[in-house]
Amino acid sequence: MFKVKIYLNTLLRDTNRWSWGTLFLIGFVTLPLFALFIGTLSGPGESWDHLLDTVLVDYALNSFLLVLGTSFFTLLLGVSSAWVVSRYHFPFKKIVEWLLIVPLTLPSYITAYAYAGLFDYGGPFSTLAKALGFGTPKVDILNLPGLIFILSVSLYPYVYVASRAVFLYQSSRLIEASNILGANRFKTLFYVVLPMARPAIFGGLLLVIMEVLNDYGAAKYYGVNTLTTGVFRAWFALEESDTAIFLSIILLLMVLVFVLLERWQRGNRSFQMATKSAIRLPSIHPSKTTKWMLFIVAFVPVLLGFLLPTFQLLQWLGITWEKTASTSYGSIALQSIGIALLSAILTVLIVLMVIYFPKWNRLKVLKKSTRLATLGYAIPGAVLAIGVMLPTLQIDRWLLQFNQNSGEIGAGTLLLLNGTIIALVYAYIIRFLAVGFKPLQGSQLKLGESLSESSRLLGKNTLKTFFKIDVPLLKTGIFSAILLVFVDIMKELPLTLILKPYNINTLAVKAYEYASDELIMESALPSLTIVATGLLPILFLNKLLLNNS
């Protein structure tokens, strides 16, 4: 009892306003998850037993096979291309190494639409095959293997970026030691380089897995039943929120399993990168024939993941731009950009709070709460949308009940949070906190504590020190974080489909609506606009990589 009293006294003594702010942020981020688990207490919906007997195993199996197949091919494409551009000289290397990142600007559902057109009867591949005398080939891509291909060529840059970042800093001394001991290049690669790079490679792969489980547009268009499409079907077609919640929990548990597997394979292993002052890896100049073979290895992912889909979209744009480039399209584009920009700015503001509030608070138990910032990105968009909808609906009920009790005219007819921009932006902030957190945390760690401590010793309080010292020095990190979050929000589909207000549309939803209505050519304009808005941050990311090389 005496120890408990001492602990409580210490707790009260160390609690300050930043402690309360940190607790608020914890509640802000974890509320949707808490709401989901509370929602399971009421049990599944009426159709749950039917789903369990018929399609649930199919949902789970397809999701697992998608993860397995996409993981294999993204590792193959991402690691091989990263090693080639980091280690060898070949023609057009400078161009190819930044083009390898560009597929990130193409959302997987847009790549899926483009490839459906490329392999369609009368499409470019069919026309080329006829011209070459091969007749009319029948290529059915609208299936599970086709979806694995689409997701692989769309998502390999996550593995490429993580792998290349390690290969560029790989210690030359270990490779030299391996060569002295008689190991050839292949043995050195598989027994020295890849084991050292494994934590980073699997970190990139984990992002790929999260995106695969988040995908809805491509899976829906290709007719592949996954847990994510099942959540949508239960929510919209069956109109059973309880069933959708149970499917969301299963999907969330699947994500958790992959996160734990990644942590397990990493264990206590870590890798250390050499500094810029260290001896760099000597570049290899192979023979002319080998150079062109290496160029093909690095160029194939770019061709499949960006050039071919973009070619198809540009062809469609030439046919349909007069029909789609209307006043309403301009309004949708402005709405989409405005919502994404507002959400990105608010997200970065919350990220700054997540970084600094725990640091300013004096309670040790709250010091590591910054890890919560990465929580939202691990939650698939459809799951997070339902998690946001549940508490906002309950808050609306409380507010409407309060208005009715107070006798206000018109009370009980208007939803104040659900179905509004507020709920949508809230969901964006939680989902993309991790995207803004990483560049800002990296920039903040480089600052150290000496400048801030000097400012406080000179009599400046915490907030003045933050605005006068930290913010000016963090402006590059803040700008890059806003850009990266902006691009991800522009591409987000499942979350937006569930939470967007009826009178507001986005480019991602418009492209999806065109494809769903079998107006696939008309999806070219909104799709290419999304690509255009994503090119600047991708080029910015590539510049950062080159500066670190």
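Keep in mind it's a predicted model, so treat the numbers as computed, not measured. (Residues numbered from 1 in each chain as written. Predicted model: local features only at pLDDT ≥ 70, side-chain atom pairs only at ≥ 80, totals over all residues. Heavy atoms only, no water.)

Colleague: How should the overall build of the protein chain be read in this particular structure?
Modeller: A count of helical and extended segments in the protein chain gives 23 helices and zero strands. For the protein chain, the residues scored as buried account for 52% of the 549 residues in total. As displayed, the protein chain offers around 27,000 Å² of accessible surface, 67% of which is attributable to carbon and sulfur atoms. (Helix = DSSP H or I, 4+ residues; strand = E, 2+ residues; numbered from the N terminus. Buried < 20%, exposed > 50% of the residue type's maximum accessible area, 1.4 Å probe, protein only. Areas by Shrake-Rupley, 256 points an atom, 1.4 Å probe, with all protein chains shown as cover.)

Colleague: Teacher, can you tell me more about the confidence of the model for the protein chain here?
Modeller: A low pLDDT score tells you not to read the predicted coordinates there in detail. On average, residues of the protein chain score 82 in pLDDT, and 87% of them are at 70 or above. In this model residues 273-278 is a low-confidence stretch, pLDDT under 50, and it forms seven contacts with partners more than four residues away in sequence or in other chains. (pLDDT = per-residue confidence, 0-100. Contact = heavy atoms within 4.5 Å.)

Colleague: So what exactly am I meant to see when it comes to the packing of aromatic side chains here?
Modeller: The way to describe two aromatic rings as a pair is by their centre distance and the angle between their planes. Inspection of every chain in the model, using the stated rule, returns 26 aromatic pairs. Ring centres 6.2 Å apart and planes at 40° place the aromatic pair F357 and W360 in the tilted group. With F357 and W360 both in helix α15 (residues 327-360) and three residues apart, this pair spans about one turn of that helix. Each member of the pair F357 and W360 is classed as buried. Following the ring pairs from residue to residue traces out a cluster consisting of W18, Y356, F357, W360, F466 and F467. Positioned over the ring face of Y377 is R431, at 5.1 Å from the centre of the ring. Note that K510 overlies the ring of Y514, its terminal NZ or CZ placed 4.9 Å from the centroid. (Phe/Tyr/Trp six-rings, centres within 6.5 Å; stacked < 30°, edge-to-face > 60°. Lys NZ or Arg CZ within 6 Å of the ring centre and 35° of its normal.)

Colleague: How should unusual backbone geometry be read in this particular structure?
Modeller: For residues that are not glycine, phi is negative in most cases, and the peptide bond is trans in most cases. Even without being glycine, E239 reaches a positive phi, approximately 55°. Take E239: it is sitting in the loop between α12 (227-237) and α13 (241-266). What makes E239 exposed here is its relative accessible area of 68%. The phi angle at E518 is positive, at roughly 60°, despite the residue not being glycine. Locating E518 in the fold gives a position in the loop between α22 (507-516) and α23 (524-547).

Colleague: Hey, could you run me through empty space enclosed by the protein in this one?
Modeller: Unoccupied space between atoms shows up once a probe the size of one water molecule is rolled over them. Counted according to the given criterion, the structure contains six cavities of 30 Å³ or more. Size it by volume and the largest cavity reaches roughly 280 Å³. Along its surface, the largest cavity is lined by 22 residues, and P107, S108, E211, N214 and K491 are the ones closest to its centre. Those elements that place two or more of their residues in the lining of the largest cavity are α6 (108-118), α8 (144-168), α10 (185-214), α17 (421-447) and α20 (475-491). Classifying every residue of the lining of the largest cavity by side-chain character gives 12 nonpolar, four polar and six charged. (1 Å grid on protein atoms, 1.4 Å probe; cavity = no way out; pocket = protein on both sides within 12 Å on 5 of 7 lines; lining within 4 Å. Points joined across faces, edges and corners; volume = space filled by probe spheres on them. Nonpolar A, V, L, I, M, F, W, Y, C, P; charged D, E, K, R; others polar.)

Colleague: Where do I start with a nonpolar patch on the surface in this structure?
Modeller: The grouping of V57, L61, F64, L65 and L68 at the surface amounts to a nonpolar patch, some 450 Å² of accessible area in total. As for its placement among the helices and strands, V57 is situated in helix α4 (residues 56-87). When its relative accessible area of 59% is taken as the criterion, V57 is described as exposed. (Patch = residues over 30% accessible without salt bridge, like charges linked within 9 Å, V, L, I, M, F, W, Y side chains within 5 Å. Salt bridge = Lys/Arg side-chain N within 4 Å of Asp/Glu carboxyl O.)

Colleague: How should the pattern of salt bridges be read in this particular structure?
Modeller: Pairs can form between side chains of opposite charge once their charged atoms are near each other. Across all of its chains, the model carries five salt bridges by this definition. Across the salt bridge formed by K323 and E522, the nearest N and O atoms sit 2.8 Å from each other. You can see K323 sitting in helix α14 (residues 288-324) and its partner E522 sitting in the loop between α22 and α23, a full 199 residues away along the chain. With a relative accessible area of 60%, K323 lands in the exposed category. The exposure class assigned to E522 is buried, which follows from its relative accessible area of 7%. One salt bridge in this structure joins R431 and E492, with 3.3 Å as the shortest N-O distance. On the criterion of sequence distance, the pair formed by R431 in helix α17 and E492 in the loop between α20 and α21 (494-499) is long-range, its members being 61 residues apart. Like R431, the residue E492 is buried in the burial classification.

Colleague: Mind showing me how you'd approach the packing of α6 against α14 here?
Modeller: To describe two helices that pack against each other, one gives the angle between their axes and the distance between the axes. For the pair α6 and α14, interaxial distance at closest approach is 9 Å and the crossing angle is 70°. Taken together, the axes of α6 and α14 are roughly perpendicular relative to one another. Between α6 and α14, the residues in contact are I110, T111, Y113, A114, Y115, G117 and L118 and L303, L304, L308, P309, F311, Q312, L313 and W316, respectively. Looking at the contact of α6 with α14 residue by residue, the classes come out as 12 nonpolar, three polar and no charged. (Axes fitted to C-alpha atoms, helices over the stretch in contact; angles between N-to-C directions. Parallel < 35°, antiparallel > 145°, perpendicular 65-115°, else oblique.)

Colleague: Would you explain the environment of P526 in this entry?
Modeller: Looking at the secondary structure, you find P526 in helix α23. Classification of P526 by relative accessible area gives buried; the value is 1%. Distance in space between the C-alpha atoms of P526 and A333 is 7.9 Å, their sequence separation being 193 residues. Those residues in contact with P526, other than ones at most four positions away along the chain, are Y329, L507, A511 and Y514.

Colleague: What should I look at first to understand the side chain of T111 in this one?
Modeller: Mapped onto the elements, T111 comes out in helix α6. Residue T111 is classed as buried on the basis of its relative accessible area of 0%. With near-sequence residues (within four places) excluded, T111 lies in contact with L106, I150, V153, S154 and P309.

Colleague: Any chance you could explain the packing of α4 against α12 here in plain terms?
Modeller: Across the interface, α4 lies against α12 with an axial gap of 8 Å and an inter-helix angle of 140°. Between α4 and α12, the interaxial angle falls into the category oblique. Counting all contacts with α4, which are made through L56, Y59, A60 and S63, the residues of α12 involved are L227, G230 and R233. Residues belonging to the contact of α4 with α12 are distributed by class as follows: four nonpolar, two polar and one charged.

Colleague: Could you clarify how one ought to interpret the nonpolar core in this entry?
Modeller: Nonpolar side chains in soluble globular proteins generally cluster together in the buried interior. Membership of the largest hydrophobic core comes to 161 residues, with the highest contact counts inside it found for Y222, L247 and L499. Counting residues per element, this core draws most heavily on α15, at 15 residues. Beyond its immediate stretch of four places on either side in the chain, L247 contacts W48, L51, L56, Y59, L227, G230, V231 and A234. (Core = buried A, V, L, I, M, F, W, Y, C linked by side-chain atoms within 4.5 Å.)

Colleague: Explanation requested: the environment of A114 in the structure shown.
Modeller: Position of A114 relative to the elements: it lies in helix α6. Along the primary structure A114 and I520 are separated by 406 residues, whereas in three dimensions their C-alpha atoms are 8.5 Å apart. Among all residues touching A114, those that are not within four sequence positions of it are P309, Q312, L313 and W316.

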